[in-house]
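# A look at the structure
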Amino acid sequence: MAHKKIELLQSKQNLPVIQVEHDGHMLPIHSKYNPVNEAQRFIEANAAQLKASDHVLFYGVGLGYHVKEVQMKYPEKIISVYEPIVEVYEEFKKNADRIGVSIEGIANQYVEHTERDLVMHLSNFSINFAQRVFLLQLPIYEKIAKDEYSNFTELYRRFLKDKYSNTRVEAKFKDRWAINMLMNIKSTFETPNILEQKNNIFKGKPVLLVSAGPSLSDEIENIRHIKKNGLAFIFAVGSANRALIANNIQPDAVLSYDPQSHNHMVFQELREKQINDIPLLYGTTVGYETVQTFPGPLAHFVVEKDKLTPILHNVQSVTINDSATIANVTLQLLYKLNVGKIILVGQNFAYKGNQFYAKGITRWTPKEERTGEEPEQVDGELFEKDLVAVFNVESVHGSQVQTNPTFDLMRREMELYISTLPNINIVNTTIGGAKIANAPFQTLESIIQHELIEKVVPANWWEQLEHHGRKANQDKLLNLEKGSQAFPKLINKMLEILTDLETYHKSMDIKKIDTILKNFYARFEIFKKNHFVNTLIMPVIQYYESKFYSDLSICNKMPVLTEKLYASVQIYRKYLLLTIDAYQKLAPFFHVKVYRPLRVSNSYKYYESTSGIFHFEGNWEKQVLEIQTNFEVQNTEENEEEKKEIELERYGFSVDTVNSETQLIFKFKGTKLQILGANHAKELLELKVTIDGKSNLVKIEDTFNKELYGTFQQQILFEKLNLKNIMHEVTVEIVSENPDFSFMGIAINKDGRAYHIHEVERIEDLEIGKRIRCYYEAKYNTVGEFSGLGEEIALHLSIEGTPEPSGDFYFIMVDENNGNKKLIADRNVQNYISWLELERNGVIEGNINLLKNLPNIISLLDGGNSYIEENNLNKRSKHKVLPVNNEWNNYIKSSFNWNTENNVSWTKNKPEKGITHPFNKILNNQINNNKISFDEYAVARGGEGNNFTFQIQTLIGKGWGFRPLLILK
């Protein structure tokens, strides 16, 4: 803010000129001779940048001669002005008409009346960074408003940089946030909300917010003392839990909200050590793998980006803003929990010595810094690449410490939160860390001596949390489903209208164009009010939403009507295609993971196409239903690695065919039947559905474009009601000449049951080729229990396995010897389980009576222990497993029937010593250099080409699983 003495003069051309006092002298802002010519030359000198911009922000408006020139020469540009001298701005408004400046044509006018205005104004303007903004400042302001100009440019660059950083994050994780929210919705109904507790056990209590900075290592003994005596709650964020666990200190809670799929690895030590009494407080958009695999109790809080959870819970949820770091998320959470004091520990926001993290937190050496081909681990140490963009900031001690742009952004964000949270009681105990404004430094030792003097943490505190156990709001759920179903037809119609507008835009048939536009705008309003669109799609395209309206505002300034109309059509089409992309990714997850399991009034029971109850004849292929997330990054020339990064998210499977005269057969006992699937061919789909010998010809006219809407579009292709409640045999035959059909499954009445045609319910009815249903339940990396042989207890387990299974699968009988029946599971019943864990539980050689109430043995298949290469080609599918007569080769003949395409299964074998891995050079080097022993490996089978491979016995992964072999005596 600057208050200056000013005076108004007349130029030689009798135009007003303003002067401002500076250092005892009056300096003119414009030329005293000819301010118009001066403005024209100034604008001409910046013509290239002006032409390349969408939006011009003038810093220093003076009387606006240069603003007028831009309005005249570039009428399509959006214009904003920023004036740091209040008196100058008043004269600008008074003389605008005389000079010819259109005040109405200025989108934003900012004036610094107080010191606080700068942050507020730039925060308000930052939404326009979605456009190409050109900052054009009058050079004289570097003198007459030196301090204001310096503060402005520094903060402007910071806002621009932060906006760029946030945009990269938004673009990178936009799909992931939404998918996690959908995948985690089941957990939010099964776990307590930490911010919905009537009995707030944290109120008034001290909490250590422990981060993973290098200074954490200095406080281990102090934290141990606090933990031992329960003097404060210890909340570990990020990787801090690893440093604490390495020092045998269990935090009172760990917190996470990172949306990335690998985030669950932060808690790997907890799983490996089977520590199951530390609760996880998670944000609802955290990587769903973290929630699925966490070994301890769970509680959640709703993140601001999550628009779905509050709607379905039908409550006014307290939400936490998304932040650059989990520490800042936790800071907000603790404030809303009304804790007595927040004590920052290990919150360096900087390097310390040669440490990036605290000791006990390993880092993998980047490829360019390795001493050999193999990856190496260091104990929290810095790498050379960490030092590329370092700079100094003030430390808590008043000296200087090295930091990087990411740490600095996190620090400034924390300072912002602290400044906006009234009456927050926070101290920073991080020795050698960066100074955090309004978080005074105090040693943890002194806090222990003077403040932490009594026990405040109750044992097993999480058991006191209230869980409301509410059901999903069924009206909102149904509205979302209806919105999802309505989306394709709405979009198709709007795209047709845009095509019509392109046809008419040159004709200048104003009446016709006006009629078409009214039709389009009416449908667009319906589209924007669609529940699925505004709840799920809009948060995903939030960045593009601001760009969309920005582009429209620029387009509306175009003077030529035909060009304006054509440009508008392209802007709307691009926007609609973006919403289609989001719909393609989110609709399947919503339908399968949210709508179907939470729909209480649904009277149907669903059987997926890969559940195992269907017998397929002819050419069918299982298709993995997945979406591809392209991480979009601005300025990709500087980010080639991120530009290429792709992540696939899987939500299920379908069974597809493009051949006629193929069929599927199943049985069911019940009164209702729906056949579910989608027609992707451009022509009519014809099905012959035969129930108990009576045939129905079904013609499906609706078709879904795979490129636009993905492979998942679940239509009800056939429905039959009021059947007798008896066993029915059903055949579905594809009779179309050129089908492109995705079979998704069936639905029957809830109290019915579907069967495979070779399924039996009694052990005595088993014979080779028959199958029997079984239930399996287990925790992460723990052998569980089998039960309910022959019964239907739950839905079928996914054919790719699950970390904590609770569902049915099939045992298929493959052999009989001396009265003992040999059966093999038709899928991996569990993934994320190590061979070593199976061995510990006796499964490798055979665990007696793991299946309840029956004399039985559960073990693994013999999968061979060696191989020979064929044609000397060292490829996965070019080798022969030895010994040839192993159980896997003898029985697992069809990948389609045994679900081996996307998974491998542990076998009981260890590899024969002296062989090499068929496709893993690094692994072979480790073995040859005696870094790893063959005794540490086990054989696994499956995957591409029914592969033979081996892997370290402690491996816990998504693609490695437990396929049980059952011997019934």
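This one's a predicted model, so the numbers in the text were calculated from it and none came from an experiment.

Okay, the overall build of the chain next. Within the chain, the regular secondary structure consists of 26 helices and 46 strands. For the chain, whose C-alpha radius of gyration is 33 Å, the value lies close to the compact-globule estimate of 30 Å for 969 residues. Principal axes of the C-alpha set define a box for the chain whose edges measure 115 × 80 × 65 Å. Within the chain, residue pairs in contact and separated by at least 24 positions form 72% of the contacts whose partners lie at least 6 positions apart. As presented, the chain carries roughly 42600 Å² of accessible surface, and 47% of it is formed by carbon and sulfur atoms. Positive and negative side-chain charges in the chain, numbering 111 and 122 respectively, have mean positions lying 3 Å apart.

Peptide bonds are, in most cases, trans, and in most cases residues other than glycine have a negative phi. Each neighbour pair has its own omega, and for Leu882 with Pro883 the value is -10 degrees, a cis peptide bond. Mapped onto the secondary structure, Pro883 falls in the loop between strand E41 (879-882) and helix H24 (887-891). Backbone geometry places Asn460, a non-glycine residue, at a positive phi of 45 degrees. In this model, Asp692 sits at a positive phi of 55 degrees, which is unusual for a non-glycine residue. On the secondary structure map, Asp692 appears in the loop between strand E26 (685-691) and strand E27 (694-700).

Another aspect to go through is the packing of aromatic side chains. Applying the stated criterion across every chain yields a total of 53 aromatic pairs. An angle of 15 degrees between the planes, with centres 5.9 Å apart, marks the rings of Phe520 and Phe524 as stacked. Residue Phe520 and its partner Phe524 are both found in helix H17 (residues 510-529); the two are separated by 4 residues, about one turn of the helix. Here Phe520 and Phe524 have matching classes, each one buried. It is Lys305 that lies over the ring of Trp177; its NZ or CZ is 4.3 Å from the centre.

Let's shift gears to the pattern of salt bridges. By the definition in use, this model includes 35 salt bridges. In this structure, Lys77 and Glu76 form a salt bridge, with 3.8 Å as the shortest nitrogen-oxygen distance. For Lys77, a relative accessible area of 7% corresponds to the buried category. Salt-bridge contacts for Glu289 lead to Arg176; the nearest nitrogen and oxygen are separated by 2.7 Å. Taken together, the residues span a long stretch of sequence, with Glu289 in helix H11 (residues 288-293) and Arg176 in helix H7 (residues 146-190) at a distance of 113 residues. Its relative accessible area of 8% is what places Glu289 among the buried residues. Several salt bridges converge on common partners, so that one network encompasses Asp408, Arg411, Arg412 and Glu415.

Attention now goes to helix H16 (residues 474-504). End to end, H16 covers 45 Å across 31 residues, agreeing with the expected 45 Å (1.5 Å per residue, within 8%). By the largest-angle criterion, Ala486 marks the main kink of H16, which is about 40 degrees, and a proline, Pro488, follows within four residues. At the N-terminal end of H16, a side-chain oxygen is found 3.1 Å from the backbone nitrogen of Asp475, two or three residues along, and the residue is Asn473.

The strand order across the open sheet built from 8 strands is E13-E12-E11-E10-E9-E8-E14-E19, with neighbouring strands paired in parallel fashion. Looking at which strands have only one partner, the edges of the open sheet turn out to be strand E13 (319-320) and strand E19 (426-428). Here strand E14 (residues 341-345) pairs with E19 via 3 bridges, running parallel. Paired with Ile343 across the bridge in E19 is Val427.

Turning our eyes to something else, we now look at the pairing of strand E2 (residues 16-22). E2 sits mainly inside the fold: 6 of its 7 residues count as buried. As paired strands, strand E1 (residues 6-10) and E2 are joined by 5 bridges and run antiparallel to one another. Across the sheet, residue Gln10 finds its bridge partner in E2, namely Pro16. In this antiparallel pair of consecutive strands, E2 and strand E3 (residues 25-28), the connection spans 2 residues, and Asp23 shows a positive phi of 50 degrees.

Counting all residues, the mean pLDDT for the chain is 87, and 91% of those residues have values of 70 or more. Of the regions scoring below 50 in pLDDT, residues 630-645 engages in 27 contacts with residues more than four places distant in sequence or in other chains.

Bringing the nonpolar core into the picture now. Residues Leu312, Phe487, Ile491, Phe524, Phe527, Leu576 and Phe590 are the most contacted members of the largest nonpolar core, which totals 57 residues. Of all the secondary structure elements, the ones that give two or more residues to this core are H7, helix H12 (308-313), H16, H17, helix H18 (531-540), helix H19 (542-555) and helix H20 (561-598). A total of 17 residues in this core trace back to one element, the largest contributor, which is H20. Setting aside its immediate chain neighbours within four residues, Leu312 contacts Ile185, Phe189, Lys471, Ala472, Asn473, Lys476, Leu477, Leu480, Val594 and Leu598. Of all hydrophobic cores here, the second largest spans 50 residues; its members include Phe235, Phe301, Ile426 and Leu465.

Cut-offs used in this document
Residues numbered from 1 in each chain as written. Predicted model: local features only at pLDDT ≥ 70, side-chain atom pairs only at ≥ 80, totals over all residues. Heavy atoms only, no water. Helix = DSSP H or I, 4+ residues; strand = E, 2+ residues; numbered from the N terminus. Rg over C-alpha atoms; globule rule 2.2 N^0.38 Å. Contact = heavy atoms within 4.5 Å. Areas by Shrake-Rupley, 256 points an atom, 1.4 Å probe, with all protein chains shown as cover. Lys, Arg positive; Asp, Glu negative; His and termini not counted. Charge placed at Lys NZ, Arg CZ, Asp CG, Glu CD. Phe/Tyr/Trp six-rings, centres within 6.5 Å; stacked < 30°, edge-to-face > 60°. Buried < 20%, exposed > 50% of the residue type's maximum accessible area, 1.4 Å probe, protein only. Lys NZ or Arg CZ within 6 Å of the ring centre and 35° of its normal. Salt bridge = Lys/Arg side-chain N within 4 Å of Asp/Glu carboxyl O. Expected span 1.5 Å × (residues − 1). Bend = angle between axes of the 7 residues up to and from the residue. Polar contact = N/O pair within 3.5 Å; in protein donor to acceptor, adjacent residues only side chain to side chain. Pairing = 2+ DSSP bridges. pLDDT = per-residue confidence, 0-100. Core = buried A, V, L, I, M, F, W, Y, C linked by side-chain atoms within 4.5 Å.

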